[in-house]
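# Secondary and tertiary structure notes
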Amino acid sequence: LGRMKPVIVVHGGAGRIFKEREEGSRAGVVRAALRGYGILKRGGSALDAVEEAVQSMEDDPHFNAGCGSVLNEKGEVEMDAIIMDGKNLDSGAVSAVKCIANPIKLARLVMEKTKHMLLTDSGAHLFAQAMGIPETPGEKLITERSQERWKKNLEPDSNPEEFQKDLGTVGAVAIDSEGNVACATSTGGLSNKLIGRVGDTACIGSGGYADNRSGATSTTGHGESIMKVVLARLILYHMEQGMSPEMAADTALDYMKTRVGGLGGVIVVNNSGEWAARFSTKQMSWATVKDDQLHYGIYAGERHTKPVDETHLKVRDSE
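In every chain, residue numbers begin from 1 and rise along the written sequence. For a predicted model such as this one, the threshold for reporting local features is a pLDDT of at least 70, and the threshold for listing and counting side-chain atom pairs is 80 or more; totals across whole chains, interfaces and linings nevertheless cover every residue. With hydrogens and water stripped out, all remaining heavy atoms of the structure feed into the side-chain values.

Our focus in this paragraph is the layout of surface pockets. Take a probe with the size of a water molecule and roll it over the atoms, and the empty space left behind shows itself. For cavity detection a 1 Å grid was placed over the protein atoms alone, and a set of points counts as a cavity when a 1.4 Å probe fits there but cannot get out; an open set counts as a pocket when protein lies on both sides within 12 Å along at least five of seven lines, with lining residues being those that have an atom within 4 Å of a point. Grid points are joined across faces, edges and corners, and a volume is the space filled by probe spheres set on the points. Space inside the second largest pocket adds up to approximately 290 Å³. Along its surface, the second largest pocket is lined by 14 residues, and Glu246, Ala277, Arg278, Trp286 and Gly301 are the ones closest to its centre. Looking at the lining of the second largest pocket, the elements with two or more residues in it are helix H9 (245-260) and strand E10 (275-279). Taken together, the residues that form the lining of the second largest pocket break down as seven nonpolar, two polar and five charged. In this description a helix means any DSSP run of H or I spanning at least four residues, a strand means any run of E spanning at least two, and both kinds are numbered starting from the N terminus. Residues are sorted three ways: Asp, Glu, Lys and Arg are charged, Ala, Val, Leu, Ile, Met, Phe, Trp, Tyr, Cys and Pro are nonpolar, and all the rest, Gly among them, are polar.

Now for the nonpolar core. Counting 49 residues, the largest nonpolar core has Ile8, Val10, Ile83, Leu106, Ala287 and Val289 as the members making the most contacts within it. Of all the elements, helix H1 (residues 19-41) adds the most residues to this core, at eight residues. Contacts were defined at the residue level, with two residues in contact if any of their heavy atoms lie within 4.5 Å. If we skip the residues at most four places from it in the chain, isoleucine 83 touches Leu47, Val50, Glu51, Asp90, Ser91, Gly92, Ile104, Ala107, Arg108, Met111, Cys183 and Ala184. Here, nonpolar core refers to any group of buried Ala, Val, Leu, Ile, Met, Phe, Trp, Tyr and Cys residues whose side-chain atoms link them within 4.5 Å. For the exposure calls, accessible area comes from a 1.4 Å probe over protein chains only, and a residue counts as buried if that area is under 20% of its type's maximum, exposed if over 50%, partly exposed in between. With 33 residues, the next largest nonpolar core counts Val9, Ala216, Val229 and Ala249 among its residues.

Within strand E12 (residues 293-299), five of the seven residues are buried, which leaves it mostly tucked inside the rest of the structure. At least two DSSP bridges between two strands are needed for those strands to be called paired. Alignment of strand E11 (residues 283-290) against E12, held across six bridges, turns out to be antiparallel. The residue bridging tryptophan 286 from the neighbouring strand is glycine 297, located in E12. Between E11 and E12, which pair antiparallel and follow one another directly, the connecting turn spans two residues, one of which, aspartate 291, has a positive phi of 50 degrees. As paired strands, E12 and strand E13 (residues 304-307) are joined by four bridges and run antiparallel to one another. Bridge assignment links leucine 294 to a residue of E13, and that residue is lysine 306. Hairpin geometry of E12 and E13 is characterised by an intervening segment of four residues between the two adjacent antiparallel strands and by a positive phi of about 80 degrees at glycine 301.

The strands that make up a sheet pair up through hydrogen bonds in the backbone, lying either parallel or antiparallel. Taken in spatial order, the nine strands line up as E4-E3-E2-E6-E5-E1-E11-E12-E13 in an open sheet, and their pairing is mixed. Where the open sheet ends on each side, the last strands, each with one partner, are strand E4 (118-120) and E13. Along the sheet, successive strands turn relative to each other by an average axial angle of 10 degrees, direction set aside. Inspection of the sheet shows strand E3 (residues 90-97) paired to E4 by three bridges, in the parallel sense. Within E4, the residue paired with serine 95 across the bridge is threonine 120. Simply put, an axis is a line fit to the C-alpha atoms, just over the touching stretch for a helix, and the angle between two N-to-C directions goes from 0 to 180 degrees. Against the sheet, helix H3 (residues 103-113) contacts strand E2 (79-85), E3, E4 and strand E6 (181-187), and its axis sits at roughly 135 degrees relative to E3.

A word on helix H8 (residues 231-240). Every α-helix carries 3.6 residues per turn, so stepping three or four residues along brings you back to the same face. The element H8 is largely enclosed, with a buried count of seven among its 10 residues. By the burial criterion, the buried members of H8 are Leu231, Ala232, Leu234, Ile235, Leu236, His238 and Met239. The inward-facing, buried residues of H8 contact strand E7 (208-211), strand E8 (215-221), helix H7 (223-229), H9 and strand E9 (264-270). Just beyond H8, the residue with positive phi is glycine 242, at close to 105 degrees.

Along the chain, isoleucine 175 turns up in strand E5 (residues 170-175). Under the relative-accessibility criterion, isoleucine 175 is labelled buried at 0%. Spatially, the C-alpha atom of isoleucine 175 lies 7.2 Å from that of asparagine 271, the residues being 96 residues apart in sequence. If we ignore the near neighbours within four places in the chain, the residues touching isoleucine 175 are Met4, Lys5, Pro6, Val7, Leu40, Ala46, Asn180, Val181, Val269, Asn270, Asn271 and Gly273.

Relative to the 18 Å expected for 13 residues at 1.5 Å per residue, helix H2 (residues 46-58) spans 18 Å between its end C-alpha atoms, a close match to the ideal helical length. Most of H2 is tucked away, with 11 of its 13 residues classed as buried. Along H2, the residues classified as buried are Ala46, Leu47, Ala49, Val50, Glu51, Ala53, Val54, Gln55, Ser56, Met57 and Glu58. Expected span, for any helix, means 1.5 Å times one less than how many residues it has.

What follows concerns the pairing of E9. Burial runs high along E9: seven of the seven residues are buried. What you see with E9 is no split at all: Gly264, Val266, Val268 and Asn270 on one side and Gly265, Ile267 and Val269 on the other are buried throughout. Sheet topology places E8 next to E9; seven bridges connect them, and they run antiparallel. Looking at the pairing, threonine 217 lines up with valine 268 of E9. For E9 and E10, the ladder comprises five bridges, and the chain directions are antiparallel. Within the sheet, the bridge partner assigned to isoleucine 267 lies in E10 and is alanine 277. Where E9 folds back on E10, the antiparallel hairpin that results is connected by four residues, among which glycine 273 adopts a positive phi of roughly 90 degrees.

As structure tokens, this is what we get:
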């Protein structure tokens, strides 16, 4: 069997990225991509790589996932996450979870330690306890910025819809040297959302999908719109019909925009290692590593390329 060249692609959310957060968003997706690629380079699995990349962004307060998540109407953090293995279509997800630092880790445990695919709220909490995942006090996940936004959105003349433009889901897709694909997606959801609101992220086929027969994708953007068109699965459907990752992504995003007026972004890798990072919003932070070349950007048409050397990967791993 010819060994595949591993590829990882990550996104840090589609929407509007404010000037003062641009640098941090770029650095954050690059770090996540390099950490995931480090695993792939050492012969690790696509599953481990996407989990590692997403965990890196959950721990980074620049992104709306894990620490830095936006707050619901009551001022609490409720998070959703999904992971999927393209080999056998196994998947694990959690929704509306509180007080844990890394929902993606919990999603992986749901996939591997239960017969189920999705655990929610208090059930997910009990499962986390049973698995020995330490509890993180809710306020530890709340940044000053999330707090300020929440307060602003509570004002009678505020328009939370306006603030939804900087939707920061995080995600990763990868193909490893064995040719297996995987996806992972994690989010804090919409600012000032109703208690118990679950978006596309935890929903298989919407927030992400992975199938070795076609590829893997992770989505970001307006959750309700993404769910209406089952965006992740739609992209893979287009690839099954022979489209390239880029064409499939653009076609699906265009359909979501014309059909339901929804904006978003996606990252895609197909089973031969071609990748795409596409978005219909103003911006989306993304990064990819393939053939030891790092590519990254935020604006439409923006693409920086740098060689990745061993020292780079070693430094990232030891951080």
